[in-house]
Amino acid sequence: MLVFSLLFFFPVLEARIQQLQSDIVLDVQHAKVQFVNASKSGRGASSGKSHKNVSGGRTELPKVGQTISKGGGQTGKGGGKDASVYKSRWMEKLIQEKTTKTKKLNLKLGIEDKPVKSRKGKLILPGTAQKNILTKAGKKTASTSKKSKTLKNQEPTAIQADTMAGAPVAAATVPIRKAKGKGKASKEPAPEFSEARDQELAELERKTEAKAQELAEVEKLEWKLNQWAMSASPELVQDNSEARMYEGVQLSVHCYLEACVFCGDIDRAQRLLLTHHRMISRRNLLNIGLYNVMMRVWAKKGSLNQIGRMFILVEEAGLKPNLTSYCAALECMGRTPNCSPKVINRVLRQMKEDGLCVEELFRLCVFRQDERDMVLRAIHTVEPDFQPSINTVLHTYAKYPKLAFSLEELRERFSRQLSMEQASTITIHSVEAMKPVTPHMAKMVNQLPHPPRRIVWPNTEIYYYSFDPNNVDICHCQSLSNLPPSGESLHILAKELGNRVHNKFCIRMKSHNQMVDKLSHIYNEYAELLAKDSQDFDVLPRERWWKLEAEHSSGPSLLGDNTQWPHTVVVELGTYLVDLMVKHMKVNSDILNPANDRKFIPVLYHMYTFRSNKQVGFIKPHPILTQMQQDAMETTLTFDSYVMPMLCPPVPWTSAKFGAYLLTPTKMMRTVVGANQHEILLEKCQDADLHAVLDSLNQLGNAAWRINQPLLDIIISVFNDKGNEKLDIPPPNSEAPKILRYSQQDLATYSSAEKAHLKRELVKAKKKCSEMHSLRMDALYKLSIANHMRDEVFWFPHNMDFRGRTYPCPPYFNHLGSDVTRAILVFAEGKPLGPGGLKWLKIHLVNLTGLKKRSSLAGRLEYANTIMDDILDSADNPLNGKKWWQNADEPWQALACCMEIANAVRSPDPTHFISHFPVHQDGSCNGLQHYAALGRDVIGATSVNLIPCEVPQDVYSGVAQQVEEFRARDSEKGLKIAQVLEGFISRKVVKQTVMTVVYGVTRYGGRLQIEKRLKEVDDFPKEYVWDASHYLVQQVFSSLKEMFTGTREIQDWLTESARLIAKSGNTVEWVTPLGLPIIQPYHRTRTNCFLFSVHRKPDTVKQKNAFPPNFIHSLDSTHMMLTALYCYSAGLTFVSVHDCFWTHALTVDTMNKVCREQFVALHSQPILQELSNFLLQKYCSGLS
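Fair warning: this is a prediction, and the values are worked out from it, not measured in the lab.

Trainee: Please explain the overall build of the protein as it appears in this structure.
Mentor: For the protein, the helix and strand inventory stands at 44 helices and 29 strands. Across the 1184 residues that make up the protein, the buried fraction comes to 50%. When the accessible surface of the protein is summed, it comes to about 57500 Å², and 52% of that surface belongs to carbon and sulfur atoms.

Right, dumping it as structure tokens:
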């Protein structure tokens, strides 16, 4: 599949590159064009023959009235889309002025500007014609010199191309000095006229030089305007110079070259690079990284000549070789037998002159296969005693906690995980397979459409997985089976397919670069840090891995340097794969109804729909396929390997580019499509600045999990028994409302109002069916993965978003999921409850019910003791008993807690009962806590439990109470809506708005939230919903303003600061107290799904509205990371769901202490003052 996809990847990407540049240059690929240097002596050269290009065609010349741009692109009438740019008033004026000046200059120089015949009788066009020029000696010269004749039928060198392209003035307009031609000499003038003729010629020469200089200035101005016109194109504008390699054409060319090299098509890669290099307009788009790709290729082949040519091209392009360039040169010399030490010394000397150090070469360069050894061999030729230094500065900590696995077990788990990632996909049993398979289901499974074994491509044939029938077809097994009946956006489907191909490409690249063996060796030694039967270490996982990698520096680098494929290329590749599915996957039309005529029909078809007034392409399954899939009830599911939890502890994050999975490419910071500023910021960071962030991610990822098997079995039984919407178990698609079909005859009998009603009902039914299918498939994936892992211990690698909020990498099944997924996850490590563990289990159960929000911890414990009968009944008879647990806010987690409490109280000694159950400690409106601490707001801090109180404070109930006071006051004044709302203002109505106000919700958004809550109240009159929501949102905002005096002031300051920053053309940026750089990725872009668009400017509205909530999120994540680090140093198992912290019941008190201490330590810093200083220095330092 990878080769199949990459072979298509070439024409897709090549077409994209050519499309991007077709507006700028006349694309004559591989044309053999003669270039002649315009010498000071006035000698020109022009061949009378037109040179053929590689394909045998002739290069087209511009027609009369057209001009040729710097890159060779024609403009003028019919010039295409970009002709309008060059037809601007200024450009026409310049062209007209240049033409006039050229004609005048030609007349004074005696040049015949019309076609003439050469000696061989062939016509030569104006501007390249053989010109008769009267020199000072009175001789007539031909334009073809001896030197120019040697260029005939010869491809120009890159240096000649650069010289010619860099000369804006044509040879005919170069000031003419003394020249000696081969033509016949004219008669000598009479002696008496000699002195006068000399003066006349000197005056003419002076005027000629002046005119030529003036014309050169016009040419220069025209060139600048051309550059301005190109830079104004949205395809070429870039955010900043540092982001060039990530943008547009450069990124496309880079990944295209890498794909060519990976597939062994070196000639194609070389041709592409030379094509871009030979044309100035294209050459300006190249960077040193593109030349380095080919340098590494020639270094592998040991071709010093090609390496030398590449360095010449780099110099011609005005670029400076970097460490990778010199690394390739030294590698090539290391592969060359008997390479001269003088040559190696020359390279090392040039590196030193460029300010580069040999030590940096081994520290910063990424090596593949044996590249490092070859570089070291070359250096040892001239410096036999040289050895790269290894910086082993490590910090000493308390001994790192061990896992409950032996070293051999961890190594065996690593091997299984490695095999799964190398396969890229994994097939597991569906929980629906537990139902009995009927003959009809088996028949439908056999008749499901399969992809063709052979697909005919233009100019080639690809046999689609015909050599390995066991190989999983990612197009069919994953995309087709996951397609909902209502269809899927073409863009989303194409992106998923393209990303799968890219992931497989990266994994194959790592295997090709011989990285897997080195990874296995290092991981096997790293496992000693975690294994229970190995020695103790006083270093963190990041430091241990980094030390092992430094000790095993020989061979390839573990950090790959593969370029991320551009989003547009990924989408185009996926689009083509979708197109293959649409064209080639067919079934018989009579497969379900034999009465129909038999013919092959596609199982997928393309349609269009509108989303937010935009036309969107959709891929929709044929109803026959949908019915077959429902009847077949597939017994297996196929997932990408990264969807599954890891079978071994993740690779520790050692940098922003390396960590988490073994082979699957993963970014430390999740990206928004088209945003790359955060990558640049992370690259600029010093390693030490990110250590705390990396270590916290590693601690979260090292928490081991297992499945709560008894609870999973109960949930699966409910799932296969038509589900239960009250318990958040979605019913199957068979329970969806039937979509009624009406014939034209039936519709003719209905009135217009009845037809409108039927249409509304049809839309509602389709929407309900689509929602039910999505929810059902989501639950199916989660439960099937959980069932597959039921006997395993597993881990969730973590990364973060641009604000620093952490997330597990597996997307479907993780502890950030719904109540169902959280309930079936428990810690793999068990700890005894101890003296206070059972108490915390009971308090946690009451918290899950949503009751006793205003009660103290002692009151909640007392309530739990009074309902022990219900707790035990729920644990013993969850589906047939009193079902007390089903009324909880989080029913499945409550049931799991009931079962844990029952097991504990029935044990001989509850204090010694080994509990794996995670106990949660949730923040009290965490955003308001941070605002209250920032503003030193005592009243606000009291309402969110930052100040000790006898009973826990509930800010939502407090706001509801204050809003009720406002309502009662307005009701007494006779306000109608206040009177209607009597008895309907509750904690639930205002909670969501209070919670999200701190995160930047507007009054409009708050009104929609309250409107939704009021619609859920059965007794509230629906005709007053809009007026009531409008009234309540005003009262909620007023109440919060009174309760949190400093919050609104801080929000207003942050919002206004962001508005001014965005208005100045910058994006808002700041650094967290842990040193993590953050930048908001909100831009206004001119973009198209299949076109590169790098022209961006900050979206002022989003920048200013998002700054307050994002800043608070970054503080929240900082507090969580600090808590994680200190909990692990105390030997606690710790995981988090943003502001909700989890640990064992035994260690809840310790975690609470650490949490409070780190919150105080965080807000003891002058956070707002430091932010103000940063913003002033960042955005105002250049202002006078």
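Still to come is the rest of the account.
Trainee: Explanation requested: helix α36 (residues 955-972) in the structure shown.
Mentor: Each α-helix turn comprises 3.6 residues. Residues three or four places apart therefore point the same way. End to end, α36 covers 26 Å across 18 residues, agreeing with the expected 26 Å (1.5 Å per residue, within 8%). When α36 is considered as a whole, its buried residues turn out to be V955, Y956, S957, V959, A960, Q962, V963, F966, R967, D970 and S971. Looking at the packing, one finds that the buried side of α36 touches α34 (926-934), α35 (938-943), α37 (976-980), α38 (987-997) and α40 (1025-1043). Of the residues trailing α36, G974 is marked for its positive phi of about 95°.

Trainee: When you look at the packing of helix α30 (residues 837-849) against helix α33 (residues 891-905) in this model, what are you seeing that I'm missing?
Mentor: To describe two helices that pack against each other, one gives the angle between their axes and the distance between the axes. The N-to-C vectors of α30 and α33 enclose an angle of 155°; their axes lie 9 Å apart at closest approach. One element, α30, and the other, α33, form an angle in the roughly antiparallel class. Pair α30 / α33 crosses with left-handed handedness. Between α30 and α33, the contacting residues are L838, L841, K842, H844, L845 and L848 on the first element and Q893, A894, C897, C898, E900, I901, A904 and V905 on the second.

Trainee: Honestly, a nonpolar patch on the surface in this entry has me stumped. Any pointers?
Mentor: Taken together, the side chains of L740, Y742 and Y750 make up a nonpolar region of the molecular surface, amounting to roughly 270 Å² of accessible area. Topologically, Y742 is positioned in the loop between α26 (709-719) and α27 (744-748).

Trainee: Please explain the sheet that holds strand β8 (residues 488-489) as it appears in this structure.
Mentor: Note on sheets: strands pair through backbone hydrogen bonds, and any given pair is parallel or antiparallel. What the three strands build is an open sheet, ordered β8-β12-β11; its pairing is antiparallel. Lying at the two open borders of the sheet, with one neighbouring strand each, are β8 and β11 (604-611). In the sheet, β8 pairs with strand β12 (residues 614-621) via two bridges, with the strands oriented antiparallel. Bridge pairing in β12 places S489 opposite F618.

Trainee: Can you walk me through the side chain of Q306 in this structure?
Mentor: Turning to its location among the elements, Q306 is positioned in helix α11 (residues 304-316). Setting aside residues no more than four positions away along its own chain, Q306 makes contact with Q270 and W298.

Trainee: Help me out: how do you make sense of the UniProt feature "repeat: PPR" (unreviewed entry) in the protein in this one?
Mentor: UniProt records the feature "repeat: PPR" (unreviewed entry) at residues 287-321, using the numbering of this structure. Helix and strand shares over residues 287-321 are 77% and 0% respectively, and the end C-alpha atoms of the span are 10 Å apart.

Trainee: Any chance you could explain helix α21 (residues 541-551) here in plain terms?
Mentor: Those residues of α21 not exposed but buried are P541, R542, E543, R544, W545, L548 and A550. Tucked inside the fold, the buried residues of α21 contact α20 (515-526), β14 (651-655), β15 (658-660) and α25 (691-701).

Trainee: How should the confidence of the model for the protein be read in this particular structure?
Mentor: Of all residues in the protein, 72% attain a pLDDT of 70 or more, and the chain-wide mean is 76. Here residues 111-193 scores under 50 on pLDDT; set against residues more than four positions off or in separate chains, the count is 123 contacts. Confidence over residues 452-472 falls short of pLDDT 50; this stretch has 39 contacts with residues more than four positions distant or in other chains.

Trainee: Is there a simple way to think about the packing of aromatic side chains in this case?
Mentor: When we look at a pair of aromatic rings, we describe it by the centre distance and by the angle of the planes. On inspection of all chains with the given rule, the structure shows 27 aromatic pairs. Relative to W565, the ring of F505 lies with its centre 5.2 Å away and its plane at 35°, an arrangement referred to as tilted. On the criterion of sequence distance, the pair formed by F505 in helix α19 (residues 490-512) and W565 in the loop between α21 and α22 (567-584) is long-range, its members being 60 residues apart. Of the two residues examined, F505 and W565, each falls in the buried class. When the centroid spacing of 5.1 Å and the interplanar angle of 85° are considered together, the rings of F984 and F1020 count as edge-to-face. Taken together, the positions of F984 in the loop between α37 and α38 and F1020 in the loop between α39 (1003-1015) and α40 put the pair 36 residues apart, joining distant regions of the chain. Feature note: the residues W705, F794, F796, F813, F827 and W1142 constitute an aromatic cluster, connected by ring pairs.

Trainee: Would you mind showing me how to read the sheet that holds strand β16 (residues 704-707) here?
Mentor: Strand order in the open sheet made by the three strands is β17-β16-β20, with antiparallel pairing throughout. The strands lining the two open edges of the sheet, one partner per strand, are β17 (794-795) and β20 (825-827). Of the pairings in the sheet, the one linking β16 to β20 comprises three bridges and is antiparallel in character. Looking at the pairing, R706 lines up with V826 of β20.

Trainee: So what exactly am I meant to see when it comes to the environment of K853 here?
Mentor: Relative to the elements of secondary structure, K853 occurs in the loop between α30 and α31 (857-866). For K853, a relative accessible area of 32% puts it in the partly exposed group. Remark: the alpha-carbon pair of K853 and Q953, spanning 100 residues in sequence, is separated by 8.3 Å. Beyond its immediate chain neighbours, meaning those up to four positions away, K853 contacts R860, P952, D954 and R987.

Trainee: Looking at this model, I keep getting lost on the nonpolar core. Mind explaining?
Mentor: Grouped burial of nonpolar side chains is what soluble globular proteins tend to show. W892 and F1111 are the most contacted members of the largest nonpolar core, which has 188 residues in total. Beyond its immediate sequence surroundings of up to four residues, F1111 is in contact with L934, L1054, W1070, I1167, L1168 and L1171. One finds Y291, M294, V314 and M333 within the second-largest nonpolar core, a separate group that totals 48 residues.

Trainee: Would you mind going over a negative patch on the surface with me for this structure?
Mentor: A cluster of like negative charges, contributed by E408, E409, E412 and D533, occupies part of the molecular surface. If you trace the backbone, D533 turns up in the loop between α20 and α21.

Trainee: Could you clarify how one ought to interpret the pattern of salt bridges in this entry?
Mentor: Close approach of charged atoms lets side chains of opposite charge pair. One pass over the structure, following the stated rule, counts 36 salt bridges. When the shortest N-O distance is used, the salt bridge between R413 and E792 registers 3.7 Å. Of this pair, R413 sits in helix α16 (residues 407-423) while E792 is found in the loop between α28 (752-788) and β17, placing the two residues 379 residues apart along the sequence. Residue class for R413 comes out buried when judged on its relative accessible area of 10%.

Trainee: Honestly, unusual backbone geometry in this entry has me stumped. Any pointers?
Mentor: Glycine aside, a negative phi is what most residues show, and trans is what most peptide bonds show. Residues other than glycine seldom take positive phi values, yet K852 does so here, at roughly 60°. Relative to the helices and strands, K852 is located in the loop between α30 and α31. In this structure, H1138 is a non-glycine residue whose phi angle is positive, near 60°. Relative to the assigned elements, H1138 resides in the loop between β28 (1135-1137) and β29 (1140-1144). Exposure remark for H1138: the relative accessible area of 19% places this residue in the buried category.

Trainee: Is there a simple way to explain the side chain of T1143 in this structure?
Mentor: Within the element layout of this structure, T1143 appears in strand β29. Take T1143: its relative accessible area is 0%, and that puts it in the buried class. At a separation of 2.7 Å, a polar atom in the side chain of T1143 contacts the main-chain carbonyl oxygen of T1133. With sequence-adjacent residues up to four places away left out, T1143 is seen in contact with F827, F917, P918, V919, L1132, T1133, V1148 and M1151.

Criteria and cut-off values
- Residues numbered from 1 in each chain as written.
- Predicted model: local features only at pLDDT ≥ 70, side-chain atom pairs only at ≥ 80, totals over all residues.
- Heavy atoms only, no water.
- Helix = DSSP H or I, 4+ residues; strand = E, 2+ residues; numbered from the N terminus.
- Buried < 20%, exposed > 50% of the residue type's maximum accessible area, 1.4 Å probe, protein only.
- Areas by Shrake-Rupley, 256 points an atom, 1.4 Å probe, with all protein chains shown as cover.
- Expected span 1.5 Å × (residues − 1).
- Contact = heavy atoms within 4.5 Å.
- Axes fitted to C-alpha atoms, helices over the stretch in contact; angles between N-to-C directions.
- Parallel < 35°, antiparallel > 145°, perpendicular 65-115°, else oblique.
- Left-handed = near helix turned anticlockwise from the far one by under 90°.
- Patch = residues over 30% accessible without salt bridge, like charges linked within 9 Å, V, L, I, M, F, W, Y side chains within 5 Å.
- Salt bridge = Lys/Arg side-chain N within 4 Å of Asp/Glu carboxyl O.
- Pairing = 2+ DSSP bridges.
- UniProt positions renumbered as here; feature names shortened; annotations may be inferred.
- pLDDT = per-residue confidence, 0-100.
- Phe/Tyr/Trp six-rings, centres within 6.5 Å; stacked < 30°, edge-to-face > 60°.
- Core = buried A, V, L, I, M, F, W, Y, C linked by side-chain atoms within 4.5 Å.
- Lys, Arg positive; Asp, Glu negative; His and termini not counted.
- Charge placed at Lys NZ, Arg CZ, Asp CG, Glu CD.
- Polar contact = N/O pair within 3.5 Å; in protein donor to acceptor, adjacent residues only side chain to side chain.

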